[in-house]
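Spelled out from the first residue to the last, the chains are:
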Amino acid sequence: MSDDLLAEFVSAIPMPALMVDQTERIIAANDDAKTLLTQNIVGRHFATILRQPGVIDAIEQCLHTNGPAKARHLSNDGAQDTTFEVECRYLNGVGAVSGGAMLATFQDVSHVEQASQMRRDFVANVSHELRTPLTALMGFIETLRGPARDDAAARARFLEIMADEANRMNRLVGDLLSLNRVESEERVRPKDQLELTGLLQSTLNSLRPLAESANVEVSLNAPEGPVSLIGDGDQLRQVFTNLIENAIKYGGSGGSVDIRVESSERDSVMRGPAVRVLVSDKGPGIDAIHLPRLTERFYRADSHRSRQLGGTGLGLAIVKHIINRHRGRLRMHSEVGKGSTFTVILPR
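Residues numbered from 1 in each chain as written. Predicted model: local features only at pLDDT ≥ 70, side-chain atom pairs only at ≥ 80, totals over all residues. Heavy atoms only, no water.

Closest axis-to-axis distance for the helix 6 (residues 152-184)/helix 10 (residues 315-325) pair is 9 Å, and the angle between their directions is 20°. For the element pair helix 6 / helix 10, the angle class is roughly parallel. For the element pair helix 6 and helix 10, the recorded crossing hand is left-handed. For the pair helix 6 and helix 10, contact is made by D175, S178, L179, V182 and E183 and by A317, I318, H321 and I322, respectively. Classifying every residue of the contact of helix 6 with helix 10 gives five nonpolar, two polar and two charged. (Axes fitted to C-alpha atoms, helices over the stretch in contact; angles between N-to-C directions. Helix = DSSP H or I, 4+ residues; strand = E, 2+ residues; numbered from the N terminus. Parallel < 35°, antiparallel > 145°, perpendicular 65-115°, else oblique. Left-handed = near helix turned anticlockwise from the far one by under 90°. Contact = heavy atoms within 4.5 Å. Nonpolar A, V, L, I, M, F, W, Y, C, P; charged D, E, K, R; others polar.)

See the structure below:
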């Protein structure tokens with residue numbers, strides 16, 4: 001096989017690929033391989049390009065035994081670490097003096113690695129979140145069976161704490177089921193026509209008892225006419241309930257929560273007709289270091305306070321997935337001591 005034909009053959013492989021012959025030099029490489037490794041790799045010894053011991057061993061094994069070999073190649077695409085599964089296969093009759101060569105292909109398995117890591121983190125987080133209330137319940141049950149068996153005051157106090165812990169587990173399970181349902185529907189666009197101002201007013205009515213108990217004034221400022229859009233009413237109600245409830249619980253020390261609706265024919269973010277719902281509070285604010293991670297599962301800017309107030313750490317993750325389903329955007333702005341503003345941008 002001529003060098004030109006060999007180069008054409010390797011170029012046709014739809015993933016990074018290169019060929020090393022018995023001289024241990026790279027005799028062909030496609031554009032994807034050059035992008036992954038470096039441009040001027042043809043003609044160079046493979047060990048000077050592929051410096052990872054596992055990959056070098058796999059190539060040497062394939063060249064010496066004429067059998068298949070596998071390895072992992074770790075890289076970085078400039079934004080995140082990437083993992084490639086390297087498959088080595090031997091080809092007879094090509095290369096220098098037709099002595100045979102080794103073809104290595106690099107399959108990107110980063111998404112598989114990330115999914116596996118996310119699954120491990122998710123199981124670890126759920127186990128941790130459930131272990132705390134379960135341990136408390138077991139401890140109180142043991143106490144009620146023993147020392148507090150005949151202590152009516154202690155029994156009443158322990159039962160109240162046990163009810164709080166059981167409710168916390170129930171909220172966690174409920175949020176996990178909700179998150180699973182939202183994720184399963186994320187690629188299905190909603191089709192219902194709804195009126196946003198009425199939905200927000202209904203949400204505020206349901207949260208008014210919470211605001212009154214926290215001594216927080218909640219106000220809604222919306223356009224006079226109807227604001228119509230395509231969406232899932234139940235899911236959007238869940239979004240605004242979560243954001244407004246968070247503003248009351250965590251930012252309510254400022255005494256007020258303001259909801260503002262802005263509609264425009266060309267939004268700078270959506271590049272078309274859109275509506276923005278801004279939920280603002282005058283509370284203690286959130287340190288900027290936490291903002292990029294607030295929508296991660298179980299991430300809390302203040303873990304102790306969040307648990308005290310009944311938070312599960314899943315609310316904003318659910319919000320993010322619902323907004324993604326509506327092809328919208330979530331923007332967060334906060335300064336310590338100056339309050340926070342969460343903005344939901346939806347296409348109209």
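Right, let's get into the environment of K282. Looking at where K282 falls in the secondary structure, it is placed in the loop between strand 10 (272-281) and helix 9 (303-308). Under the relative-accessibility criterion, K282 is labelled partly exposed at 47%. Residues K282 and T341 lie 59 residues apart in sequence; the distance between their C-alpha atoms is 9.0 Å. At 3.2 Å, the side chain of K282 forms a polar contact with the side chain of S256. At a separation of 3.1 Å, a polar atom in the side chain of K282 contacts the side chain of D258. (Buried < 20%, exposed > 50% of the residue type's maximum accessible area, 1.4 Å probe, protein only. Polar contact = N/O pair within 3.5 Å; in protein donor to acceptor, adjacent residues only side chain to side chain.)

As a further point, take the packing of helix 7 (residues 196-213) against helix 8 (residues 233-251). Two elements in contact, helix 7 and helix 8, have axes whose closest approach is 10 Å; the angle formed by their N-to-C orientations is 40°. Classified by the angle between their axes, helix 7 and helix 8 sit oblique to one another. Crossing of helix 7 against helix 8: the hand is right-handed. Residue-level inspection shows L196, L199, L200, S202, T203, L204, L207, L210 and A211 of helix 7 in contact with helix 8, the latter providing G233, L236, R237, F240, T241, I244, E245 and I248. Partitioned by chemical class, the residues of the contact of helix 7 with helix 8 number 11 nonpolar, four polar and two charged.

So, on to the state of the cysteines. Summed over all chains, the structure comprises zero disulfides. Cysteine C62 is unpaired, with the sulfur of C88 as its nearest cysteine sulfur at 5.4 Å. (Disulfide = S-S within 2.5 Å.)

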